[in-house]
Amino acid sequence: MFTSKQRSVLRSIAQNIEPITQIGKGGISENLITTLSEALDKRELIKITVLNNSEYTAKDIISELCEKLNAEPVCVIGHKIVIY
């Protein structure tokens, strides 16, 4: 778990990175988990876009992704998710 100061620093870093993937109506697949896991190993901080046609909200998706990836949620802003 992050302190508010640590989370603030990560959010400011995340503003300058591009989303690495999009999650749409297909939801969270094993292939997506593998891809995101590799990206987390390389980058540590990743941003993901949740498309409007997704069945789930960004808040629903961030908790499931963090659980499956053993990662920490940084923030949800609109349709964007940031994970560390």
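Everything here concerns the structure above.
Since the structure is predicted, the reported quantities are computational estimates derived from the model, not experimental observations.

Asker: Would you mind showing me how to read the environment of Asn70 here?
Answerer: Mapped onto the fold, Asn70 is located in the loop between helix H3 (58-69) and strand E3 (73-77). On the basis of relative accessibility, which here comes to 74%, the residue Asn70 falls in the exposed class. Considering only alpha carbons, one finds Asn70 and Tyr84, 14 residues apart in sequence, at a separation of 9.5 Å.

Asker: Teacher, can you tell me more about the side chain of Thr49 here?
Answerer: For Thr49, the location among the structural elements is in strand E2 (residues 46-50). Among residues more than four places away in sequence, those in contact with Thr49 are Pro19, Thr21, Gln22, Ile23, His79 and Lys80.

Asker: What should I look at first to understand the sheet that holds strand E4 (residues 80-83) in this one?
Answerer: The strands making up a sheet are joined through hydrogen bonds of the backbone, oriented either antiparallel or parallel. Strand order in the open sheet formed by 4 strands is E1-E2-E4-E3, with mixed pairing between adjacent strands. Two strands close off the open sheet at either side, each with one partner strand: strand E1 (21-23) and E3. Across the sheet, the axes of successive neighbouring strands diverge by a mean angle of 25°, strand direction being ignored. Summarising the sheet, E1 and E2 pair through 3 bridges and their orientation is parallel. Its bridge partner lying in E2, Gln22 is registered against Thr49.

Asker: I keep staring at the pattern of salt bridges and nothing clicks. Help me out?
Answerer: A side chain with one charge can pair with a side chain of the opposite charge if their charged atoms come near. A full pass over the atoms with the stated rule returns 1 salt bridge. One salt bridge in this structure joins Glu64 and Lys68, with 3.2 Å as the shortest N-O distance. Placement of the pair is Glu64 and Lys68 together in helix H3, with a separation of 4 residues, close to one helical turn.

Asker: When you look at the nonpolar core in this model, what are you seeing that I'm missing?
Answerer: Residues Ile48, Leu65, Ile81 and Ile83 are the most contacted members of the largest nonpolar core, which totals 19 residues. The set of elements that each furnish at least two residues to this core consists of helix H2 (30-43), E2, H3 and E4. Per-element accounting of this core gives the leading share, 6 residues, to H3. Contacts of Ile81, omitting those with residues within four sequence positions, involve Ile46, Lys47, Ile48, Val50, Ala58, Ile61, Ile62 and Cys75. With 7 residues, the next largest nonpolar core counts Phe2, Leu10, Cys75 and Val82 among its residues.

Parameters and conventions
Residues numbered from 1 in each chain as written. Predicted model: local features only at pLDDT ≥ 70, side-chain atom pairs only at ≥ 80, totals over all residues. Heavy atoms only, no water. Helix = DSSP H or I, 4+ residues; strand = E, 2+ residues; numbered from the N terminus. Buried < 20%, exposed > 50% of the residue type's maximum accessible area, 1.4 Å probe, protein only. Contact = heavy atoms within 4.5 Å. Pairing = 2+ DSSP bridges. Axes fitted to C-alpha atoms, helices over the stretch in contact; angles between N-to-C directions. Salt bridge = Lys/Arg side-chain N within 4 Å of Asp/Glu carboxyl O. Core = buried A, V, L, I, M, F, W, Y, C linked by side-chain atoms within 4.5 Å.

Nothing here speaks to function; it is all geometry.
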